[in-house]
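Secondary and tertiary structure notes
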Amino acid sequence: MNRTTLSLIAAVAALAAVTGFAAAGTPGGDDGPAKAAAQLPVERSSLLCPEPSTSDLAETAYTSYTPASKDTEEAGKAELLPAETGAGDTDSSKTRSKKPKPVVTPKEPGKPVAGEATGADAPALVGTADGALAPGWTVQQTTTVEVGTGRGLLGVNCSAPDTDFYFPGASTAEDRSDYIHLTNPDDEAAVVDVQLYGPDGAVKSDVGEGIQIAPHASVPVLLSTLTEKPYTNLTLHVTARSGRVAAAVSAADDKLGGDWLPAAADPAASLVLPGIPKDATSVRLVAFAPGQDDADLKVQLATSSGRISPAGHDTLHVKSGMTAAADLGDVTRGDAGSLILTPTEDSVPVVAALRVTRGKGADQETAFIPATRDIGARATVADNRAKGSTLALTAPGAAAKVKVTASAGADGGTATSKEYTVKAGTTLSVTPPVPAGLKGPYALTVEPVSGGQVYGSRMLEEKQDGVPAFTIQTLPDDRGTVSVPDADEDLSVLQK
């Protein structure tokens, strides 16, 4: 590329602003030339929610929220529509003749909107937002299942479509029922490959190749059908040959409850997994090295007072193309923390996630914390309640100050905000601010004020007949803005 192609670059930048693609930096990294680019609000966002549950007893709540942003259009539109069930007909001309009724229809930025569904027939959802409702649009899907396999509190942030996903922490063990949910938002069929990696490398299977997902449809695939051998710790890699999909894993355990396993952050040399609860009784780290070289990782826990090395687990060796796991036990010991993975020598990209267990005996429940991006310019999480929400913030490098804003409730309340300081190398665990006169669920936004990078997560919990049911959602940048180069900017760096 040379400088005579400025018109093409401008076109690409305009497309990025329309579709909502945003640049994201790596932990502690340098964004380089992107820092000089203008930040404009995205004009269109897509979110997809997986099918909530196969239980007839499931109760699902949806909470949609768009933070108020500057420089956006006054008008906007957003809706979440039921997806088709199963692979369906891949001919887009034969799909859905009537537009279904939206499950959630947001009205304005700054005010949450709630919806609900019941039973095993609740469908996956396909959502779009434009105008003022697009920047930072966030939807939380929270399901309560009182009894049976996978019982507990199951939460997931509805996600944007993409073409490549990693899920360390999946399993085909006999006591687990893991499904990968693939949802296609577009008017053309998508073709997807699903590959499993165990402790000895790739798991041979032809079943996961060339899975077709019809337009506006969702397909769940049971991972145990991809291999005859049970594996306790696996990494799932999903790639789209054509089209785009949203992907999430529902993990249900016969004894330990269940939750959603979201995709981990893209492979990187250093990773942060924030918000291990203070009362975690068991924590398992699962990591995968997708490149050609082995990874040697330093494992540290960022506590309320600083970084420590977990006893007996200060390092983890991950062989190339293989999944490694380490049981860290009750690593937090009454003090909430975040796991930080850094290379011991050469930098080798890895992906990682944690399975966290709370409770004891028959009253245990699990949730997952994937490695995540930092909060960036702003992070948003919906479906917070008056009780049961805990916010965890960690600053792996320099100390930082953040502003946390609690929106009004879906049915009433007054927004409020509070600033927090996170000391260098520590994790701060707090009960977030609650709107005055709160009615209904509300949203939290976290924005940097000063200092270094901050990573975060929100834990939502409730009691279910003695079971400490909970779910954890990480807080990556909500991609409310997109970097658009100035017309007179020196774009020679794009030749690289």
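Residues numbered from 1 in each chain as written. Predicted model: local features only at pLDDT ≥ 70, side-chain atom pairs only at ≥ 80, totals over all residues. Heavy atoms only, no water.

Some words on the nonpolar core
Threshold: Here, the term nonpolar core denotes a set of buried Ala, Val, Leu, Ile, Met, Phe, Trp, Tyr and Cys residues that are joined through side-chain atoms within 4.5 Å. Exposed residues in this analysis have more than 50% of their type's maximum accessible area, buried residues have under 20%, and partly exposed residues fall in between, with area computed by a 1.4 Å probe over protein chains only. Throughout, a contact is declared for two residues whenever any of their heavy atoms are within 4.5 Å.
Counting residues in each nonpolar core, the largest one holds 32 residues, and the members touching the most others are Leu 273, Leu 285, Leu 339, Leu 341 and Leu 354. When sequence neighbours within four positions are dropped, the list of residues in contact with Leu 354 reads Leu 273, Ile 276, Val 283, Arg 284, Leu 285, Leu 339, Ala 367, Phe 368 and Ile 369.

Side note on the environment of His 317
Formally: Elements are defined by DSSP. Helices are runs of H or I of four residues or more, strands are runs of E of two residues or more, and each kind is numbered from the N terminus. N or O atoms within 3.5 Å of each other form a polar contact, as long as, within protein, one can give a hydrogen and the other can take it, and as long as residues adjacent in sequence are counted only when both atoms are side-chain atoms.
In this structure, His 317 sits in strand β23 (residues 315-318). Exposure remark for His 317: the relative accessible area of 39% places this residue in the partly exposed category. Separated by 21 residues in the primary sequence, His 317 and Asp 296 have C-alpha atoms spaced 4.6 Å apart. Discounting chain neighbours no more than four positions away, the residues touching His 317 are Asp 294, Ala 295, Asp 296 and Ala 324. Side-chain polar atoms of His 317 contact the side chain of Asp 294, separated by 3.4 Å.

With respect to the packing of aromatic side chains
Here is the rule we go by: Any Phe, Tyr or Trp ring, taking Trp's six-membered ring, that has another such ring centre within 6.5 Å forms a pair; planes under 30 degrees apart are called stacked, those over 60 apart edge-to-face, and the others tilted.
With the rule as written, the count across this model stands at three aromatic pairs. Ring plane angle 20 degrees and centroid distance 6.4 Å describe the contact between Phe 165 and Phe 167, whose orientation is recorded as stacked. You'll find Phe 165 and Phe 167 in the same group, each marked buried. Centroid distance Tyr 166 to Phe 288: 6.1 Å. Interplanar angle 40 degrees. Geometry classified as tilted.

What about the sheet that holds strand β2 (residues 44-49)?
Put simply, the rule reads: Two strands make a pair as long as DSSP finds a minimum of two bridges between them. All axes are obtained by fitting lines to C-alpha atoms, using only the stretch in contact for helices, and the reported angles, taken between N-to-C directions, cover 0 to 180 degrees.
Across the sheet, three strands lie side by side as β2-β7-β4; this open sheet has antiparallel pairing. The strands lining the two open edges of the sheet, one partner per strand, are β2 and β4 (76-82). Across the sheet, the mean angle from the axis of one strand to that of its neighbour is 10 degrees, orientation sign disregarded. Where β2 lies against strand β7 (residues 125-131), six bridges are found, and the strand directions are antiparallel. Directly across from Ser 46, in β7, lies its bridge partner Thr 128.

As for the state of the cysteines
The cut-off we apply is this: In what follows, a disulfide is any cysteine sulfur pair within 2.5 Å.
Across all of its chains, the model carries one disulfide by this definition. Two residues, Cys 49 and Cys 158, share a disulfide whose sulfurs are 2.0 Å apart. Across the S-S bond linking Cys 49 and Cys 158, the dihedral sits near 105 degrees, which makes this disulfide right-handed. Remark: Cys 158 occurs in the loop between β9 (152-157) and β10 (164-170) and Cys 49 occurs in strand β2; sequence separation between them is 109 residues. The class of Cys 158 is buried, set by a relative accessible area of 6%.

Some points on the confidence of the model for the chain
Threshold: Every residue carries a pLDDT, the predictor's confidence in it, which falls somewhere between 0 and 100.
Counting all residues, the mean pLDDT for the chain is 89, and 87% of those residues have values of 70 or more. A low-confidence stretch, residues 92-96 (pLDDT under 50), is modelled with 10 contacts involving residues beyond four sequence positions or located in other chains. Confidence drops under pLDDT 50 across residues 490-496; counting only partners more than four residues distant or on other chains, this segment forms 10 contacts.

Topic: the environment of Ser 55
Tracing the chain through its elements places Ser 55 in the loop between β2 and β3 (59-65). Accessibility expressed as a relative area gives 18% for Ser 55, which makes it buried. In this structure, the C-alpha to C-alpha distance between Ser 55 and Gly 150, residues 95 residues apart in sequence, is 9.1 Å. Non-local contacts of Ser 55, meaning those with residues more than four positions away in its chain, are made with Gly 119, Ala 120 and Val 145.

Points about unusual backbone geometry
A positive phi angle is found at Arg 333, which is not glycine, with a value near 50 degrees. Overall, Arg 333 belongs to the exposed group, its relative accessible area being 68%.

Let's talk about the pattern of salt bridges
The following threshold applies: Salt bridges are defined by distance alone: a side-chain nitrogen of Lys or Arg within 4 Å of a carboxyl oxygen of Asp or Glu.
The full count for this structure, using the stated rule, is 11 salt bridges. The salt bridge partner of Glu 461 is Arg 358, with a shortest N-O separation of 2.9 Å. Of this pair, Glu 461 sits in strand β36 (residues 455-464) while Arg 358 sits in strand β26 (residues 351-358), and the two are 103 residues apart along the sequence. You can call Arg 358 buried: its relative accessible area is 5%. Among the salt bridges present, the one from Arg 385 reaches Asp 383, with a minimum N-O distance of 2.8 Å. Here the salt bridges share partners, and the residues they tie into one network are Asp 279, Arg 358 and Glu 461.

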